[in-house]
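# Coordinate inspection notes
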Amino acid sequence: MNSTDKQKKFEFMRRAIALSKNNVVALNGGPFGAVIVKDNVIVGEGWNKVTTNNDPTAHAEVEAIRQACQKLSTFNLEDCEIYTSCEPCPMCLSAIYWARIGKIYYANTKVDAAEIHFDDDFIYQEIPKALDKRKIPMEGMLRDEALTVFKLWSTKVDKISY
């Protein structure tokens, strides 16, 4: 990587960090910011809006993904990179995978986040547990009825796969 590319990457990360700081100073939510970059241009920005939007899914990475997808008119961000002020939580990491983002750059770690009471380790520990061992009870129902919709989808020839 040449020094120009390295400088651009630092600029993108500094923008993500600035978004996180601006959010804290403005009292708009948690200390998290993210930018999505395609071809060395920022195509999406996001900052934590959980408390301002009363939306537990309004994390910086998810907000940046939403903005980038709107701007690029696609649900596939495979040619993009994400710069985030903190290592993504399980939800954001999943969203990044669903969006097919090519690379993740992060600043703070999940350990750093836990030290200021954003501890996602609990969720990481829940995921591999058997369903009946998780903290939130889960109960399946009406599977046969729901499977008819899956069968409809699987035979549909004009669907948009993702």
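In this report, we go over the structure that sits alongside the text. (Residues numbered from 1 in each chain as written. Predicted model: local features only at pLDDT ≥ 70, side-chain atom pairs only at ≥ 80, totals over all residues. Heavy atoms only, no water.)

## Thoughts on the side chain of S20
Summarising the element assignment, S20 is placed in helix α1 (residues 3-25). At a separation of 2.6 Å, a polar atom in the side chain of S20 contacts the main-chain carbonyl oxygen of I17. Not counting chain neighbours up to four residues away, the residues in contact with S20 comprise P31, F32, G33 and S85. (Helix = DSSP H or I, 4+ residues; strand = E, 2+ residues; numbered from the N terminus. Polar contact = N/O pair within 3.5 Å; in protein donor to acceptor, adjacent residues only side chain to side chain. Contact = heavy atoms within 4.5 Å.)

## Brief notes about a nonpolar patch on the surface
Residues F75, W153, I160 and Y162 make up a contiguous nonpolar surface patch of about 510 Å² in total accessible area. Relative to the assigned elements, F75 resides in the loop between α3 (60-72) and β3 (80-86). (Patch = residues over 30% accessible without salt bridge, like charges linked within 9 Å, V, L, I, M, F, W, Y side chains within 5 Å. Areas by Shrake-Rupley, 256 points an atom, 1.4 Å probe, with all protein chains shown as cover. Salt bridge = Lys/Arg side-chain N within 4 Å of Asp/Glu carboxyl O.)

## Quick look at the pattern of salt bridges
Tallied over the entire structure, the rule returns seven salt bridges. For the salt bridge of D158 with K156, the shortest nitrogen-to-oxygen distance reads 3.0 Å. What makes K156 partly exposed here is its relative accessible area of 41%. (Buried < 20%, exposed > 50% of the residue type's maximum accessible area, 1.4 Å probe, protein only.)

## A closer look at the pairing of strand β1 (residues 33-38)
Burial analysis of β1 places five of its six residues in the buried class, which makes it a mostly covered element. Direction of pairing for β1 relative to strand β2 (residues 41-47): antiparallel, over a ladder of six bridges. Each residue of the ladder has a partner; that of A34, found in β2, is G46. Pairing between β1 and β3: five bridges, direction antiparallel. Within β3, the residue paired with V35 across the bridge is Y83. (Pairing = 2+ DSSP bridges.)

Honestly, it's all geometry; don't read function into it.
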